[in-house]
Amino acid sequence: MKIDIITIFPEMFRPVLEESIMKRAQEKKLCSITVHDLRDYTDDKHRKVDDRPFGGGPGMVMLAQPLVDAVKKIKGRRKCKVLLMCPSGTVLKQSLAKHLSNEKNLVIICGHYEGIDERVRDLVVDECVSIGDYVLTGGELPAMVVVDTVVRLIPGVLGKEASLETESFEHNLLEYPQYTRPANFRGKKVPDVLLSGNHKAIEEWRHQQAVAKTKKFRPDIIKK
Ligand code: ADE
């Protein structure tokens, strides 16, 4: 998978993309991620990327020209899915992440200021994506969230593919509780069943726990 990110703050991505699983995924050539500085695509000699809104109002609006030209140049002749990170988009869920992980080429635009010129949406954006019902200062953190959720789903990125099957949101359930050594930590004991060696009983216990946890903390997803 090839992912291209368009941003006015390219440096923000380095610490996230150059650590841990994101770093290894790129080293193993399971994905290739390029961060583009939007200012490199502006026609303006002052590298301007925003202007005041027509009709008045507070804040600045991102210009259409650098964004549209950046997307067109990055895409070239490739077929790409172009996402715009913005609070009014489709809310990111595990199901959308799975869907996106099947794409070959993703281009992610990080929105900013009071928004972007609407013509960018019309001309080059396939889908607007939000990471939740709250407003951040820009689309960079949301873009990192999307990249992380999508890249970890690419086959081979995580050590054990099996762990994807039981994690939260699979089968509309949260993940069951996990324990490791010691079996007794300061008087708090690991449930006996997990030490029993009875795999069927363990599986049943885990399922019951997952259902109970989902009912308690996320009744909205269990209804589905
Ligand atoms: N930009 C600002 N807030 C955002 C959000 N919640 N999701 C995506 N992009 C954003």
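Because the structure is a prediction, the values reported are computed rather than measured.

(A) Focus on the nonpolar core. Ile-3, Ile-5, Ile-33, Ile-108, Val-146, Val-147 and Val-151 are the most contacted members of the largest nonpolar core, which totals 30 residues. Sorting the residues of this core by element identifies strand E1 (2-7), helix H2 (20-27), strand E5 (81-91), helix H4 (94-101), strand E6 (105-110) and helix H6 (140-151) as the ones contributing at least two each. Core analysis: the second largest hydrophobic core is formed by 23 residues, Leu-38, Val-49, Val-68 and Val-107 among them.

(B) Up close: the sheet that holds strand E7 (residues 127-130). An order of E2-E1-E6-E5-E7 is seen for the 5 strands of this open sheet, with the pairing classed as parallel. At either end of the open sheet lies a strand with only one pairing partner, and these are strand E2 (32-37) and E7. Looking at each pair of strands side by side, their axes are set apart by 30° on average, direction ignored.

(C) Main features of the site of the ligand. Around the ligand sit Met-85, Cys-86, Pro-87, Val-129, Ser-130, Ile-131, Gly-132, Tyr-134, Val-135, Leu-136, Gly-138 and Pro-142, and that is every residue in its neighbourhood. Between Gly-132 and the ligand, the recorded distance is 3.2 Å, taken from a backbone N or O atom to a nitrogen atom. Here a nitrogen atom of the ligand and a backbone polar atom of Tyr-134 are 2.8 Å apart. Protein contacts shield 97% of the accessible area of the ligand, which totals 260 Å² for the unbound molecule. Elements supplying a minimum of two residues to the shell around the ligand: E5 and E7. For the shell around the ligand, the element with the most residues is E5, which contributes 3 residues. In the shell around the ligand, the residues fall into 9 nonpolar, 3 polar and no charged.

(D) Highlighting the domain arrangement of the protein. Domain assignment breaks the protein into domain 1 (2-151) and domain 2 (162-223). Between the C-alpha centres of domain 1 and domain 2 there is a distance of 36 Å.

(E) Summary view of the packing of H4 against H6. Where H4 contacts H6, the two axes come as close as 8 Å, and the packing angle between them is 70°. It follows that H4 is roughly perpendicular to H6 by the angle criterion. Side by side, H4 and H6 meet where Ala-97, Leu-100 and Ser-101 of the first sit next to Val-146, Thr-149 and Val-150 of the second. Taken together, the residues of the contact of H4 with H6 break down into 4 nonpolar, 2 polar and no charged.

(F) Representation of the pairing of E5. Note: E5 against E6, 5 bridges, orientation parallel. Looking across to E6, one finds that Met-85 is bridged to Cys-110. Each parallel crossover has a hand, and for E5 linked through H4 to E6 it is right-handed. Looking at chain direction, E5 and E7 are connected through 5 bridges and run parallel. Among the inter-strand pairings, Val-91 is bridged to a residue of E7, identified as Ser-130.

(G) Looking closely at the pattern of salt bridges. Scanning the model with the defined rule gives 13 salt bridges in all. Across the salt bridge formed by Asp-4 and Arg-78, the nearest N and O atoms sit 3.5 Å from each other. Here Asp-4 is found in strand E1, whereas its partner Arg-78 is found in the loop between helix H3 (64-75) and E5, with 74 residues between them in sequence. The class for Asp-4 is buried, based on a relative accessible area of 3%. The residue Glu-167 makes a salt bridge to Arg-152 at a minimum N-O spacing of 2.6 Å. Residue Glu-167 is found in the loop between helix H7 (162-166) and strand E8 (184-185), and its partner Arg-152 is found in the loop between H6 and H7; the two are separated by 15 residues along the sequence. Salt bridges here are not isolated pairs; linked through shared partners, they connect Lys-2, Asp-4 and Arg-78.

(H) Spatial organisation of unusual backbone geometry. In this chain, Arg-181 is followed by Pro-182 through a cis amide linkage whose omega measures 5°. Looking at the element boundaries, Pro-182 is found in the loop between H7 and E8. For Ser-20, which is not glycine, the phi torsion reads 55° and is therefore positive. Its location among the elements puts Ser-20 in helix H2. For Ser-20, a relative accessible area of 47% translates into the label partly exposed.

Parameters and conventions
- Residues numbered from 1 in each chain as written.
- Predicted model: local features only at pLDDT ≥ 70, side-chain atom pairs only at ≥ 80, totals over all residues.
- Heavy atoms only, no water.
- Core = buried A, V, L, I, M, F, W, Y, C linked by side-chain atoms within 4.5 Å.
- Buried < 20%, exposed > 50% of the residue type's maximum accessible area, 1.4 Å probe, protein only.
- Helix = DSSP H or I, 4+ residues; strand = E, 2+ residues; numbered from the N terminus.
- Pairing = 2+ DSSP bridges.
- Axes fitted to C-alpha atoms, helices over the stretch in contact; angles between N-to-C directions.
- Near = heavy atom within 4 Å.
- Polar contact = N/O pair within 3.5 Å; in protein donor to acceptor, adjacent residues only side chain to side chain.
- Areas by Shrake-Rupley, 256 points an atom, 1.4 Å probe, with all protein chains shown as cover.
- Nonpolar A, V, L, I, M, F, W, Y, C, P; charged D, E, K, R; others polar.
- Domains from an automatic or database assignment.
- Parallel < 35°, antiparallel > 145°, perpendicular 65-115°, else oblique.
- Contact = heavy atoms within 4.5 Å.
- Right-handed = clockwise from strand over helix to strand, strands pointing away.
- Salt bridge = Lys/Arg side-chain N within 4 Å of Asp/Glu carboxyl O.

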